[in-house]
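# Summary of structural features
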Amino acid sequence: MAVVELNNVAKRYPGSGSKGAAANAVDDFNLITRDGEFIVLVGPSGCGKSTTMRMIAGLEANTGGEIRINGRDVSQVAARDRDIAMVFQSYALYPHMTVFDNMAFALKLKKYPGEDIQKRVKEAAEVLGITALLDRKPRALSGGQRQRVALGRAIVRSPQVFLMDEPLSNLDAMLRVDMRAEIIKLHRKLKVTTFYVTHDQTEAMTMGERIVVMKDGRIQQIDTPNTLYHCPANLFVAGFIGTPSMNFLKMTLGQHGMMLTGPTARLLASPERQDLSNHRGQTLWAGIRPEHLRPTDADDCAALLTGEVDVVEPLGAVTMVQMTVDGHRITAQLDGDTRVSIGDTLTLTCDSDQLHLFDTETELALPRTHAMSTTTV
Amino acid sequence: MNTEATALSDSPDRGRKLHRRHGPPVKRLMAPAVIFLLVWMIVPLAMTIYYAFQNYNLMMPTMRGFAGWENFSILLNDPTFWSALVNTLVLVGACLIVTVGLGLVLALLFNRTFIGRGIARTLAISPFFVMPVVTGLIFKNMLFHPVYGIFSWAMRTLGLEPIDWLAHYPMLSIIMMISWEWTPFALLILLTGLQSLPEDQIEAVRLDGANRWQEFRHIVIPHLGQVLYVVVMLESIFFLTSFAEIYATTSGGPGTATTNLPYYIYLSAFFQYDIGLSSAAAIGAVVLANIFAFFLIRFVAGNLNAGGQR
């Protein structure tokens with residue numbers, strides 16, 4: 001249980017400096033966790049999320065800033081003295097030890113009394129349902145079982161902080177969903193501050209109390225899953241969070257600050273958005289999530305996207321439709337019983353308060369009015 | 001599709017069974033290799049056993065005949081044979097300790113990154129490519145020589161009395177030569193072993209609170225278990241047959257101080273021309289090699305595995 005504080009943490013690899021900004025694996029990382037919080041670091045590969053985690057663990061030294069655990073600056077503290085447990089993507093179980101010994105190893109190194117070790121390992125094994133496997137060697141276990149042992153090895157120590165580096169990515173899809181729920185349950189029970197790295201935004205959304213979205217070594221946004229979904233800070237976050245990802249169209253804002261127009265598309269910005277008056281006449285990115293689009297009969301409302309259907313994917317509950325509007329690929333998630341076929345001309349509309357607007361220069365979201373940003377469920 | 005894939009991956013034996021059922025006729029395909037190996041091994045062994053029970057001295061080639069156990073009784077009553085046996089064991093044991101110990105230390109060093117590591121590795125391995133006779137001659141004439149040798153020069157420079165290594169410390173000299181030759185072999189194999197150690201296991205053990213020694217003791221050594229086994233097995237077989245270094249330097253002397261079993265066999269075959277006796281001694285060497293192969297190696301391997309489990 002701990003408060004982890006990262007102040008301006010940076011990682012620069014030597015030798016890559018001449019290339020300029022890209023040389024920093026992590027740059028200016030600021031975050032203060034609450035005690036027992038579940039933080040998810042998410043981003044495309046190479047965004048620095050794993051490096052950040054390895055710096056917290058002490059496996060890599062931070063070249064800038066400071067890392068504090070419960071107020072103590074641990075930047076110069078060796079990994080073994082930080083009291084942090086990590087679950088590796090490959091599990092990194094010790095192949096020559098039994099499951100019991102794998103879990104007991106850290107306790108033995110700390111010279112815990114024998115009965116205490118027995119008790120703790122048994123308890124952890126029961127929580128994870130691996131009591132029957134304690135005498136086996138890792139190679140005799142399935143992927144899911146190894147995953148549990150790796151978790152068990154972390155929890156027996158009752159460390160200050162848990163780090164999990166893509167722990168589910170080596171499991172098959174079914175098992176991944178199960179283990180996801182199990183890790184959340186475990187976290188509720190143990191209430192240990194946890195950092196969880198993933199590139200899978202579904203995992204991030206379902207597990208994180210707060211999510212750190214990273215790209216190119218920089219934090220894009222730190223927020224709850226709901227806020228990330230409803231109020232993405234910039235174009236990258238908007239496109240990264242949510243499946244299927246958000247549709248983007250380049251459109252021009254009309255002179256009244258209300259109407260967005262493309263070559264054929266028309267969209268209506270929310271009439272409550274006073275702030276748009278500064279952007280009159282500008283070209284903006286308009287973003288709409290696929291699930292907020294719905295088919296409409298032409299000309300009965302102001303917001304219209306018309307195009308020819310390219311792809312139809314009936315998934316039962318919903319039907320995914322792809323079409324091209326003004327040169328932009330638009331994905332819409334329609335009701336399962338929608339009758340559309342390839343080649344049809346389809347007109348879609350959306351509510352103006354579901355519309356996200358981004359500056360084309362800075363790619364930042366245009367600030368939404370206070371009333372809007374709190375419409376999170 | 002999906003369930004099928006998971007079912008397959010769940011049972012590692014499945015692949016093997018399938019392979020066996022539909023596989024090629026393994027026995028017949030392997031037969032040529034096995035037969036070749038058997039002929040290569042069995043024929044010389046059978047001939048050695050045959051000669052061991054023969055009265056056969058090249059100086060008296062006409063006086064041949066069945067000797068019964070006579071060769072063996074001569075052998076077992078020959079003090080030189082026993083000293084040769086002891087010398088062999090000392091040589092093998094000492095060389096194993098030095099090469100494996102030094103090889104492990106060097107492997108740990110060469111596993112780190114430093115500038116010029118590739119060149120340093122190549123240089124470190126090069127003694128292994130020097131022929132044993134050449135090694136013997138280099139050591140005898142350029143290093144150990146009491147007048148011209150580098151060692152004596154170094155000692156004189158330090159104001160000490162030079163040592164005639166081969167005369168005063170013959171066994172130590174032989175051990176030094178053989179270890180010089182074979183440490184690179186241990187280094188090479190242990191280094192590949194170290195390189196196959198997954199980085200994340202080291203990281204995991206560090207986060208578990210292990211210091212450098214515990215990391216080495218509980219992760220690196222168990223990981224190297226199999227590799228150490230291979231090194232010890234191969235090296236003990238090669239050390240048992242050390243000959244050229246002794247032949248080129250001490251010729252088994254002074255006296256019989258460096259006469260090991262191979263050299264004893266050589267002496268009885270090519271100085272006493274007693275093929276029967278040397279064959280009997282060769283049988284002794286085969287028995288010794290097998291004792292090594294079975295007991296010593298089992299013991300070492302068992303210890304390593306147990307060390308890992310504890």
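Structural data are supplied above this passage.
Notes on the structure in this doc start here. What you are looking at is a predicted structure, and each value in this text was computed from that prediction instead of being measured.

## Comments concerning the overall build of chain A
- What chain A contains, in helices and strands, is nine helices and 20 strands.
- Seen through its principal axes, chain A has C-alpha atoms that stretch 75 × 45 × 40 Å.
- Across chain A, contacts joining residues at least 24 apart in sequence account for 68% of those joining residues at least 6 apart.
- For chain A, the accessible surface area stands at approximately 16,600 Å², while carbon and sulfur atoms represent 49% of it.

## Description of the sheet that holds strand β13 (residues 266-268) of chain A
Residue and element names in this part refer to chain A.
- Judged by pairing direction, the sheet is antiparallel, and its five strands sit side by side in the order β13-β12-β11-β14-β20 without closing on themselves. The two strands at the open ends of the sheet, each matched to only one other strand, are β13 and β20 (356-359). For this sheet, the mean angle separating the axes of adjacent strands, direction not counted, is 40°.
- Direction of pairing for strand β12 (residues 259-261) relative to β13: antiparallel, over a ladder of three bridges.

## So, the environment of Lys119(A)
Residues and elements named next belong to chain A.
- Locating Lys119 in the fold gives a position in helix α3 (residues 114-128).
- Taking relative accessible area as the criterion, Lys119 reaches 51% and is therefore assigned exposed.
- Remark: the alpha-carbon pair of Lys119 and Val156, spanning 37 residues in sequence, is separated by 9.6 Å.

## Quick word on the interface of chain A and chain B
- Across the boundary between the two partners, chain A contributes 24 residues, which contact 19 residues of chain B.
- Both faces considered, chain A and chain B share a buried interface measuring about 2,000 Å² in area, 57% of it formed by carbon and sulfur atoms.
- Where chain A meets chain B, there are two salt bridges.
- The shortest N-O distance in the salt bridge between Asp208(B) and Arg157(A) comes to 3.3 Å.
- On the surface where chain A and chain B come into contact, there are nine residue pairs in polar contact (both at pLDDT 80 or more).

## A few points about the sheet that holds strand β6 (residues 84-87) of chain A
Residues and elements named next belong to chain A.
- Here six strands make up an open sheet; going across it, the order is β6-β7-β8-β3-β9-β10 and the pairing mixed. Edge strands, defined here as strands with exactly one partner in the open sheet, are β6 and β10 (218-223). Neighbour-to-neighbour, the strand axes of the sheet open up by a mean angle of 20°, direction not taken into account.
- Where strand β7 (residues 161-165) and strand β8 (residues 193-198) come together, five bridges link them in parallel fashion. From the neighbouring strand, Phe162 faces β8, where its bridge partner is Thr194.

Conventions used here
Residues numbered from 1 in each chain as written. Chains lettered and ligands numbered in written order. Predicted model: local features only at pLDDT ≥ 70, side-chain atom pairs only at ≥ 80, totals over all residues. Heavy atoms only, no water. Helix = DSSP H or I, 4+ residues; strand = E, 2+ residues; numbered from the N terminus. Contact = heavy atoms within 4.5 Å. Areas by Shrake-Rupley, 256 points an atom, 1.4 Å probe, with all protein chains shown as cover. Pairing = 2+ DSSP bridges. Axes fitted to C-alpha atoms, helices over the stretch in contact; angles between N-to-C directions. Buried < 20%, exposed > 50% of the residue type's maximum accessible area, 1.4 Å probe, protein only. Buried area = accessible area lost by both parts, 1.4 Å probe. Salt bridge = Lys/Arg side-chain N within 4 Å of Asp/Glu carboxyl O. Polar contact = N/O pair within 3.5 Å; in protein donor to acceptor, adjacent residues only side chain to side chain.

Any functional reading would require information beyond the geometric quantities listed.
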